[in-house]
Amino acid sequence: MKLFKFFQYAYLFFAVIFIYDAVSKYMETGQIEYTSLLLAAAAIFMFFFRKRFNKKLENKDRN
């Protein structure tokens, strides 16, 4: 179960990396990097999805 929590927070780590990438490319070129922003949004979505899924599994294991 600890491994699942590690991967859950890894999604947030990748979201931060993608947001940093989008901002740095915007500062350099002035163009918005939609791919990086889309991947960051997907990573944030996956974080909350996995968090909810892990909570359901934890409650199921207790019963």
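Residues numbered from 1 in each chain as written. Predicted model: local features only at pLDDT ≥ 70, side-chain atom pairs only at ≥ 80, totals over all residues. Heavy atoms only, no water.

Trainee: Can you explain the pattern of salt bridges? Please cite residues and give values.
Mentor: For the structure on display, the rule yields one salt bridge. One salt bridge connects Lys25 with Asp21, and the closest N-O pair in it is separated by 3.6 Å. You can see Lys25 and its partner Asp21 sitting in helix H1 (residues 2–29), four residues apart, about one turn around the helix. For Asp21, a relative accessible area of 22% translates into the label partly exposed. (Salt bridge = Lys/Arg side-chain N within 4 Å of Asp/Glu carboxyl O. Helix = DSSP H or I, 4+ residues; strand = E, 2+ residues; numbered from the N terminus. Buried < 20%, exposed > 50% of the residue type's maximum accessible area, 1.4 Å probe, protein only.)

Trainee: Residue-level account of the packing of aromatic side chains, with values.
Mentor: The tally for this structure, following the rule as stated, stands at six aromatic pairs. Each ring, one from Phe13 and one from Phe14, has its centre 5.7 Å from the other, and the planes form 65°; the classification is edge-to-face. For Phe13, a relative accessible area of 52% puts it in the exposed group. Overall, Phe14 belongs to the partly exposed group, its relative accessible area being 42%. Seen in terms of ring centroids, Phe49 and Phe53 are 6.5 Å apart; in terms of plane orientation they differ by 10°. Their pairing is stacked. Taken together, the residues Phe49 and Phe53, both in helix H2 (residues 34–62) and four residues apart, mark about one turn of the helix. Judged by its relative accessible area of 43%, Phe49 is partly exposed. Note on Phe53: relative accessible area 37%, which makes it partly exposed. Within the aromatic cluster, the residues linked to one another by ring pairs are Tyr9, Phe47 and Phe48. (Phe/Tyr/Trp six-rings, centres within 6.5 Å; stacked < 30°, edge-to-face > 60°.)

The quantities given are spatial measurements derived from coordinates; they are silent on function.
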